[in-house]
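# Notes for the structure review
Here are the chains, one letter per residue:
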Amino acid sequence: MSASVEGTPVEKARAIGREIARLHADDVDRQARFPKEAIEAVRAEGLLAASVPRELGGLGATVPDVVSMCQGLAQGCSATGMVFAMHHIKLLSMAAHAAGSDATQGYVREICDKKWLVASVTSEVGVGGDLRRSVCAVETTGDTFSIVKDATTISYGAQADGLLLTARRHPDSAPADQSLVWLKPGDYTLEQKSEWDTLGMRGTCSPPFLVRGKGRADQVLREGFGDIAPLSMVPLSHLLWGGVWLGIATEAVSRARAFVRAEARKNPNGPPASGLRLSELQARLQSFRTLVYAMAEEYNGAMVNKIDKDHLLSIGYALRLNNLKLVASTSVAEIVTAAMPICGIMGYKNTSPFSLGRLLRDSFSAQLMINNDRLHMTNAQLLQVYKDDS
Amino acid sequence: MQNQIRTILQQHGKLGTDATSLAEDADLYQAGMTSHASVNVMLALEGAFDVEFPDRMLKRSVFESIRNIHAALSELTGGR
Ligand SMILES: Cc1cc2nc3c(=O)[nH]c(=O)nc-3n(C[C@H](O)[C@H](O)[C@H](O)COP(=O)(O)OP(=O)(O)OC[C@H]3O[C@@H](n4cnc5c(N)ncnc54)[C@H](O)[C@@H]3O)c2cc1C
């Protein structure tokens, strides 16, 4: 696929997943290299701006549509889907909180216009995966600031054009009093601290880096991260990641289905025994898919026009959103695992069309991206007062 | 009721300021109450006033200020 693809943004993303990402997925995985072919195709089609409202220079895709793009890309290559997802989580979150700030609106427009790829810097040495605490702080002097962050994991840090980073608002601020900071190309340097040689999601290229940045004071978003996190960053993370994991699960089931079909064609005399397992798997995939898209529709409804803070900041919503992540991240690994006995040795081999090894390894990252036990701890706290009475 | 609310906020709200002298409409989240701390405040209020906050009340706006908490509790106790 070299010429530009026809169709809606969703159709374009799905075509890139099918025709480009898939082609390079095994090489990306083997070499733990960035999926540059697929991401460049995404960039060339203007899809790096897909999620941003039209008035800010984007394509104005709905959240369910962006989830669908993540799914389609991940069906071809999990790492491609995850890079696309993380970029849109950051960019759409920034756009969602741009109202009332000419500066932020201008930066979002510039990102869309220049087709920049944005990476995420939340995890930090000393706080691990706790999104709502930072060690590093924004140091402001006049109308400029500087920042140094010891980041444990920055996916495609070396390939990104800019970074969206969490930090304490001020050197005297408490760990949870955080701001979101936009670092443009040229604003920062990265010192890679070690390798990214992992079980799966190898193509996300996510090693630890020391980030040194500086910029204009208006690159610090005005809205505090305490509001940005529950209103946009966390919902978008769970939804778009959910789309990626759904893509991985869908690919595993589709390999299992192809295997069973091949068996059935050899002996068209009623379904083979593996057909029962397939039936089970298809039911689980359907409920997984329904969950992800229903939650995406609900969030989209609470986002359009004006952010419905009352709904998004309720305990009931926080619980259900955490449950989406918990169910999606465990479902993906369970579904790929359950596809293995269906495909048998052909699933176990790395070089068969029914191979499940890469998908299985990729699927294990889901429960670590914000450790599920952290979410269970949060839910345990919320369940002390939640009644499930509505 | 106000004083009891203030005492509970003082004990469980993890506020950066003194809850006993805070303005009635001051934003408690701005004053440093985390969502984790707010759940502990809800639990303590349910215990102290022998009420149960229904889910429709379990949102940030209801626990955002002493005045709002007071209003929610008054609704649940029916002024008892
Ligand atoms: C493929 C991939 C890509 C990633 N990309 C990025 C990226 O681009 N940018 C970025 O910032 N980060 C990224 N991350 C990091 C990710 O978001 C998490 O921060 C990281 O996976 C958490 O690492 P951890 O398990 O060491 O830390 P923790 O979450 O700190 O967990 C460590 C252990 O502590 C336990 N634990 C600690 N605190 C608690 C608590 N309060 N409640 C319950 N249990 C607790 C956990 O159960 C676990 O056993 C990526 C991770 C992966 C896997």
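Residues numbered from 1 in each chain as written. Chains lettered and ligands numbered in written order. Predicted model: local features only at pLDDT ≥ 70, side-chain atom pairs only at ≥ 80, totals over all residues. Heavy atoms only, no water.

### Quick notes on the domain arrangement of chain A
Residues and elements named next belong to chain A. Split by domain assignment, chain A resolves into domain 1 (9-114), domain 2 (118-219) and domain 3 (225-383). With 29 residues of domain 1 at the interface, the matching set in domain 3 holds 32 residues. Note on domain 1 versus domain 3: buried area summed over both sides is about 2,400 Å², and carbon and sulfur give 67% of it. Across the contact surface, domain 1 and domain 3 share three salt bridges. (Domains from an automatic or database assignment. Contact = heavy atoms within 4.5 Å. Buried area = accessible area lost by both parts, 1.4 Å probe. Salt bridge = Lys/Arg side-chain N within 4 Å of Asp/Glu carboxyl O.)

### Quick look at the sheet that holds strand β4 (residues 162-168) of chain A
All names here are of chain A. The strand order β1-β4-β5 describes an open sheet built from three strands, whose pairing is mixed. The open sheet terminates on both sides in strands that have one partner only, identified here as β1 (118-121) and β5 (178-183). For this sheet, the mean angle separating the axes of adjacent strands, direction not counted, is 25°. Where β4 and β5 come together, six bridges link them in antiparallel fashion. Bridge pairing in β5 places L163 opposite L183. The strands touched by helix α6 (residues 225-266) within the sheet are β4 and β5, with β5 carrying the most contacts at an inclination of about 75°. (Pairing = 2+ DSSP bridges. Helix = DSSP H or I, 4+ residues; strand = E, 2+ residues; numbered from the N terminus. Axes fitted to C-alpha atoms, helices over the stretch in contact; angles between N-to-C directions.)

### Details of the packing of aromatic side chains
With the rule as written, the count across this model stands at five aromatic pairs over all chains. Here F34(A) and Y156(A) contribute two aromatic rings whose centre-to-centre distance is 6.5 Å and whose plane-to-plane angle is 45°, an arrangement assigned as tilted. Within this pair, whereas F34(A) is found in the loop between α1 (9-31) and α2 (36-44), its partner Y156(A) is found in the loop between β3 (144-151) and β4, the two being separated by 122 residues in sequence. On the accessibility criterion, F34(A) (11% relative accessible area) is buried. On the numbers, 5.0 Å between centres and 80° between planes, the contact of F53(B) with F63(B) is edge-to-face. In this pair, F53(B) sits in the loop between α2 (35-49) and α3 (66-77) while F63(B) sits in the loop between α2 and α3, placing the two residues 10 residues apart along the sequence. Here the guanidinium or amino end of R60(B) rests over the ring plane of Y29(B), the centre of that ring lying 4.9 Å away. (Phe/Tyr/Trp six-rings, centres within 6.5 Å; stacked < 30°, edge-to-face > 60°. Buried < 20%, exposed > 50% of the residue type's maximum accessible area, 1.4 Å probe, protein only. Lys NZ or Arg CZ within 6 Å of the ring centre and 35° of its normal.)

### Quick notes on the pattern of salt bridges
Residue and element names in this part refer to chain A. Per the counting criterion, the structure on display carries 28 salt bridges over all chains. Here D29 and R361 are joined by a salt bridge, their closest N and O atoms 2.6 Å apart. Residue D29 is located in helix α1, and its partner R361 is located in helix α11 (residues 357-363); the two are separated by 332 residues in the primary sequence. One salt bridge in this structure joins K309 and E223, with 3.9 Å as the shortest N-O distance.

### What about the interface of chain A and chain B?
Each partner contributes to the interface: chain A provides 16 residues, whereas chain B provides 14 residues. Summing the contributions of chain A and of chain B, the shared interface buries around 1,300 Å²; its carbon and sulfur component is 52%. Interface area lost by chain A to chain B is led by Q381(A), V385(A) and K387(A), which between them contribute 40%. Summed over the shared surface of chain A and chain B, the result is three salt bridges. Residues D227(A) and R60(B) are paired through a salt bridge, measuring 2.9 Å at the closest nitrogen-oxygen approach. The tally of links between chain A and chain B comes to 12 residue pairs in polar contact (both at pLDDT 80 or more). Elements that contribute at least two residues to the side of chain A that touches chain B include exactly α6 and α12 (372-382) of chain A. (Polar contact = N/O pair within 3.5 Å; in protein donor to acceptor, adjacent residues only side chain to side chain.)

### Side note on the nonpolar core
L183(A), L239(A), L240(A), V244(A), W245(A) and F288(A) are the most contacted members of the largest nonpolar core, which has 122 residues in total. Counting residues per element, this core draws most heavily on α6(A), which supplies 20 residues. Each residue touching L239(A), except ones within four places of it in the same chain, is listed here: V63(A), V67(A), V292(A), M295(A), A296(A), Y299(A) and L324(A). L319(A), L28(B), V39(B) and L73(B) belong to the second largest nonpolar core, which has 32 residues in total. (Core = buried A, V, L, I, M, F, W, Y, C linked by side-chain atoms within 4.5 Å.)

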